[in-house]
Amino acid sequence: METTVTEIAPDVYRLSTYISDADFLFNQFLIDAEEPLLFHCGLRALFPLVSDAVARVTPVAGLRWLTFGHVEADECGAMNSWLAAAPRAEVAHGAMGCLVSVNDMADRPPRPLDDGEVLDLGGKRVRYLATPHVPHGWDAGLLFEETTGTLLCGDLFTRVGDAPALTESEIVGPALAAEDVFGASCLTADTAPTMRRLAGLAPAALGLMHGPSYTGDCPQALRDLADAYEVRFTASQRR
């Protein structure tokens, strides 16, 4: 097992570990800037592999921000391992998630982020987007790197199996097939509108946590996913 490193946009790196026993990909994203940021802390068991991968790009001790989409083991299990390895690092997460979970879980006080708040990393800017229950989790949120137009999607578009680092191939079908297996997404009246709001950002790349990074028509992929979930939500109301 290894963690590979791929630059998916200028100074935005995908750190990817495929676990064959689970037939599943786990990806983190490193934004290399004056204040380097890691999106997804990953599972505790993967910390040695992922930290070695980060070190190929920038010193681990120099990380400034640790972020994730929502509180879940594969998103933040290694959070305190990163805090121990990077003395200047702060966890940055949505204000609701900090209040409910991260204030207690993190070994150092986190930085709560409001919807739309921007962190200026020095050469890169990330905007926090609160997406409650999309795809799941009361505290769910995503990051949009404004200078490259890269949307870090967390669990959106999750698929089963290994995948290339970058693709322009269709990603909605595999995501819906995985949803049929896992049933992991919340179906609410806000699910599709939230995805369409993300499409309105006109992202140039989508960084998927469990899948390839996508460089095709990103707004259309988000709209197509929204349409599919709207159909599922409507059907669920008829049961």
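If you're wondering where the values come from, they're calculated on a predicted model, not measured in any experiment.

Rules behind the numbers
Residues numbered from 1 in each chain as written. Predicted model: local features only at pLDDT ≥ 70, side-chain atom pairs only at ≥ 80, totals over all residues. Heavy atoms only, no water. Core = buried A, V, L, I, M, F, W, Y, C linked by side-chain atoms within 4.5 Å. Buried < 20%, exposed > 50% of the residue type's maximum accessible area, 1.4 Å probe, protein only. Helix = DSSP H or I, 4+ residues; strand = E, 2+ residues; numbered from the N terminus. Contact = heavy atoms within 4.5 Å. Arc of directions from axis to C-beta. Patch = residues over 30% accessible without salt bridge, like charges linked within 9 Å, V, L, I, M, F, W, Y side chains within 5 Å. Areas by Shrake-Rupley, 256 points an atom, 1.4 Å probe, with all protein chains shown as cover. Salt bridge = Lys/Arg side-chain N within 4 Å of Asp/Glu carboxyl O. Phe/Tyr/Trp six-rings, centres within 6.5 Å; stacked < 30°, edge-to-face > 60°.

A. Representation of the nonpolar core in the model. Counting 28 residues, the largest nonpolar core has L15, V54, L63, L66, M79 and W82 as the members making the most contacts within it. Elements represented by at least two residues in this core include exactly β2 (12-19), β3 (24-31), α1 (47-55), α3 (79-85) and α4 (95-105). A per-element tally of this core places α1 first, with four residues. Look past the residues within four positions of M79 in its chain and what remains in contact with it is C41, L66, F68, V91, V102, M105 and A106. Core analysis: the next-biggest nonpolar cluster, separate from the first, contains 26 residues, C153, I171, L198 and A199 among them.

B. Molecular detail of the side chain of T194. Turning to its location among the elements, T194 is positioned in helix α6 (residues 191-199). The exposure class assigned to T194 is buried, which follows from its relative accessible area of 11%. Not counting chain neighbours up to four residues away, the residues in contact with T194 comprise T131 and V134.

C. Representation of α1 in the model. Three or more residues of α1 are buried, namely F47, V50, S51, A53 and V54. Within α1, the buried residues cover an arc of 155° as seen down the axis, which keeps them to one side. The secondary structure elements touched by the buried residues of α1 are β1 (3-9), β2, β3, β4 (37-39) and α3.

D. Summary view of a nonpolar patch on the surface. Together, M96, L99, V100 and W138 make up a nonpolar patch on the protein surface, roughly 440 Å² of accessible area in all. Within the secondary structure, V100 is located in helix α4.

E. Main features of the pattern of salt bridges. Counted according to the given criterion, the structure contains eight salt bridges. The closest approach of N and O atoms between D180 and R232, which form a salt bridge, is 3.0 Å. With a gap of 52 residues between them, D180 in helix α5 (residues 172-182) and R232 in helix α7 (residues 218-237) connect regions that are remote in the sequence. Taking the relative accessible area as the measure of exposure, R232 reaches 26% and is therefore partly exposed. Here R196 ties to E230 by a salt bridge, and the two come within 3.1 Å at their closest N and O atoms. Of the two residues, R196 sits in helix α6 while E230 sits in helix α7, which places them 34 residues apart along the sequence.

F. Broad picture of the packing of aromatic side chains. On inspection of all chains with the given rule, the structure shows three aromatic pairs. A ring pair is formed by F24 and F26, whose centres lie 5.5 Å apart and whose planes are at 75°; its orientation type is edge-to-face. In this pair, the class of F24 matches that of F26, namely buried. The interplanar angle of 80° and the centroid separation of 4.8 Å between the aromatic rings of F47 and W82 together place this pair among those described as edge-to-face. Of this pair, F47 sits in helix α1 while W82 sits in helix α3, placing them 35 residues apart in sequence.

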